[in-house]
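Structural features, examined
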Amino acid sequence: MDFENKILSKEISQFIWEKGKTLGTAESCTGGRIAEAIILMPGASNYFKGSIVSYTNEVKENLLGVSHDVLEEKTAVCEEVAIEMVKGAIKALNVDYAISATGIAGPAGGTHEIPVGTIWLACGSDDDIVTLKIEGDRGRDLNLSNATTRALQLFLDYLSDRLPGVTAGDEEGNM
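Residues numbered from 1 in each chain as written. Predicted model: local features only at pLDDT ≥ 70, side-chain atom pairs only at ≥ 80, totals over all residues. Heavy atoms only, no water.

Brief notes about the pattern of salt bridges
Two side chains with opposite charge may pair up if their charged atoms get near one another. Note the following rule: Just to be clear on terms, a salt bridge is a Lys or Arg side-chain nitrogen sitting within 4 Å of an Asp or Glu carboxyl oxygen. Each residue gets one of three labels from its accessible area relative to the maximum for its type: buried under 20%, exposed over 50%, partly exposed in between, using a 1.4 Å probe on protein chains only.
On inspection of all chains with the given rule, the structure shows three salt bridges. A salt bridge links Glu80 to Lys74, with the shortest nitrogen-to-oxygen separation between them at 2.5 Å. Owing to a relative accessible area of 29%, Glu80 belongs among the partly exposed residues under this scheme. Its salt-bridge partner being Lys133, residue Glu135 comes within 3.5 Å of it at the nearest N-O pair. Residue Lys133 is classed as partly exposed on the basis of its relative accessible area, which comes to 38%.

Some details on the side chain of Asn143
To be explicit about the condition: For the purposes of this entry, the term helix denotes a DSSP run of H or I that reaches at least four residues, the term strand denotes a run of E that reaches at least two, and both are numbered from the N terminus. Identification of polar contacts relies on pairs of N or O atoms within 3.5 Å, with a donor-acceptor requirement for protein atoms, meaning one able to donate a hydrogen and the other able to accept it, and with residues adjacent in sequence counted only if both atoms are side-chain atoms. Two residues qualify as a contact provided that any one of their heavy atoms is within 4.5 Å of a heavy atom in the partner residue.
Position of Asn143 among the secondary structure elements: in helix α6 (residues 140–162). Accessibility expressed as a relative area gives 3% for Asn143, which makes it buried. Of the polar contacts made by the side chain of Asn143, one reaches the side chain of Asp137; its length is 2.9 Å. Not counting residues within four places of it along the chain, the set of residues in contact with Asn143 comprises Ala105, Val116, Gly117, Ile119, Gly136, Asp137 and Arg138.

Quick look at the confidence of the model for the chain
What counts here: Each residue carries a pLDDT value, the predictor's own confidence for that position, ranging from 0 to 100.
Across the chain, the average pLDDT comes to 92, with 93% of residues at 70 or higher. Taken together, the stretch residues 170–175 has pLDDT below 50 and engages in 13 contacts with residues farther than four places along the chain or on a different chain.

In structure tokens:
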């Protein structure tokens with residue numbers, strides 16, 4: 001796990017734990033890497049409840065409640081699915097916040113419409129979710145690493161915009 005992810009995880013840990021909130025993840029293409037980054041911090045069990053690795057559409061539908069119609073019409077790699085994964089994780093894991101990732105890490109699987117390296121991230125609470133689309137193929141390992149780091153940063157930015165006293169990249173994190 002790289003240094004940047006450890007710093008982001010530390011900052012997320014401080015803010016979530018301090019506010020008495022809980023967190024979970026719903027991951028497709030990242031396969032648990034976001035959860036792995038979060039649990040780097042000692043005491044993560046105080047706020048991180050778990051992760052659902054939903055690599056297949058079947059799991060997205062059955063465990064996260066992602067709409068079959070959306071999966072059929074738009075594929076799993078779209079903003080709507082990322083949002084539904086956050087909502088599904090919040091419900092299934094009984095958490096205040098969730099982070100999701102769905103995309104095509106490569107090296108195969110891309111199409112002209114959705115090329116390799118396209119990854120949708122989402123995070124938030126049940127009624128307040130933000131998203132980010134990542135594009136560009138840098139190879140599978142870098143695509144996954146980039147998605148993990150960007151997901152953590154997206155969530156930290158989300159928290160800093162919504163929770164008093166949360167500042168992304170404060171002097172403790174030295175970012």
